[in-house]
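Coordinates in review
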Amino acid sequence: MNTRLLCLALALSAAAVPATAAEWAVDPAKSTIKFSGVQVGAPFTGRFERFQAKIDFDPAKPEAGHAVVLIDLASARTGDVQRDEALPQKDWFDVKGANQARFEATRFIDKGHGDYEAVGNLTIRGTSRPLTLPFHLTLDKDQARATGHVGLVRTDFGVGQGPWASGQWVGLDVGVDIDLAATIQPAPANRG
């Protein structure tokens, strides 16, 4: 009887310990976050030159994952001087008011065949909206690459004020493409 109670106690204590996801370090030099849109009928693309990400993710338990991606909005570059000078200004990203975009994924959903969804919230200019980011994950030993695309309506986040709010000159739809390369971090040594 004591053996059964001991086994039950061990099983319950093991079940009470939350699953820990693996920590991944994103390599910004091998990663990109790009955006695309249309201005006066002509498509354009750009990228954010500075961002950071903290990702806890175990493909065996994606629902326990968590990620925070911080994007330096002042680092947006499209290759067009006039547009690049306008983007940080008050009508667009308003970097003096809030210089970062933040995507926080509170869970991941396994869609099969290496496809996942990161479910969370995107915050730009102090406006937060639910966002589901679909992505494909490729794993090779301790290396991972996640690629994905999501469409946004820029005015949902207050991007494009005044004459830019209508979509007459700059389209309302914006595409965001991610390509993140990461390495799994070794578990901390158990000191005991």
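So, here's what we can say about the structure. (Residues numbered from 1 in each chain as written. Predicted model: local features only at pLDDT ≥ 70, side-chain atom pairs only at ≥ 80, totals over all residues. Heavy atoms only, no water.)

Tracing the backbone shows Val153 in strand β10 (residues 143-153). Here the alpha-carbon distance between Val153 and Gly175, two residues 22 residues apart in the chain, equals 8.7 Å. Not counting residues within four places of it along the chain, the set of residues in contact with Val153 comprises Leu172 and Asp173. (Helix = DSSP H or I, 4+ residues; strand = E, 2+ residues; numbered from the N terminus. Contact = heavy atoms within 4.5 Å.)

For the rest of this paragraph, the subject is the pattern of salt bridges. Counting across every chain of the model gives 6 salt bridges. Between Glu49 and Arg47 there is a salt bridge, and its shortest N-O distance comes to 2.7 Å. Assessed through its relative accessible area of 39%, Glu49 is described here as partly exposed. According to the relative accessible area criterion, Arg47 is partly exposed, its value standing at 39%. (Salt bridge = Lys/Arg side-chain N within 4 Å of Asp/Glu carboxyl O. Buried < 20%, exposed > 50% of the residue type's maximum accessible area, 1.4 Å probe, protein only.)

This brings us to the packing of aromatic side chains. Summed over all chains, the structure comprises 7 aromatic pairs. Judged by centre distance (5.3 Å) and plane angle (90°), the ring pair of Phe57 and Tyr116 falls under edge-to-face. You can see Phe57 sitting in the loop between β4 (51-56) and β5 (66-72) and its partner Tyr116 sitting in strand β8 (residues 115-124), a full 59 residues away along the chain. A relative accessible area of 5% places Phe57 in the buried class. (Phe/Tyr/Trp six-rings, centres within 6.5 Å; stacked < 30°, edge-to-face > 60°.)

Our focus in this paragraph is the side chain of Arg154. Tracing the sequence through the fold places Arg154 in the loop between β10 and β11 (173-184). At 8.5 Å, Asp173 is the nearest oppositely charged side chain to Arg154, a buried residue that forms no salt bridge. At a separation of 2.8 Å, a polar atom in the side chain of Arg154 contacts the main-chain carbonyl oxygen of Val159. From its side chain, Arg154 meets the backbone oxygen of Gly171 in a polar contact 2.9 Å long. In this structure, Arg154 is in contact with Trp92, Val159, Gly160, Trp164, Gly167, Val170, Gly171, Leu172 and Val174, ignoring residues within four places of it in sequence. (Lys, Arg positive; Asp, Glu negative; His and termini not counted. Polar contact = N/O pair within 3.5 Å; in protein donor to acceptor, adjacent residues only side chain to side chain.)

What follows concerns the pairing of β4. In terms of strand pairing, strand β1 (residues 23-26) meets β4 through 3 bridges, oriented antiparallel. Bridge assignment links Ala25 to a residue of β4, and that residue is Lys54. Bridge count between β4 and β5: 6 bridges; the pairing is antiparallel. When the bridges of β5 are listed, Phe51 appears paired with Ile71. (Pairing = 2+ DSSP bridges.)

The pairing of β1 with β11 spans 3 bridges and is classified as antiparallel. When the sheet's bridge partners are listed, Trp24 is paired in β11 with Ile184. Relative to β11, strand β2 (residues 32-39) runs antiparallel, the two sharing 5 bridges. Opposite Ser36, over in β11, you have Gly175 as the bridge partner.

One finds Ile33, Phe48, Phe93, Phe103 and Phe135 to be the most contacted residues of the largest nonpolar core, which totals 43 residues. Residue contacts for Phe103: discarding those within four places in its chain leaves Ala67, Val68, Val69, Ala118, Gly120, Asn121, Leu122, Leu131 and Leu133. (Core = buried A, V, L, I, M, F, W, Y, C linked by side-chain atoms within 4.5 Å.)

Quick look at unusual backbone geometry now. The backbone of Val40 shows a phi angle near 40°, a positive value even though the residue is not glycine. You can see Val40 is positioned in the loop between β2 and β3 (42-48). Even without a glycine there, the phi angle at Lys141 is positive, about 60°. When you line up the elements, Lys141 lands in the loop between β9 (127-140) and β10.

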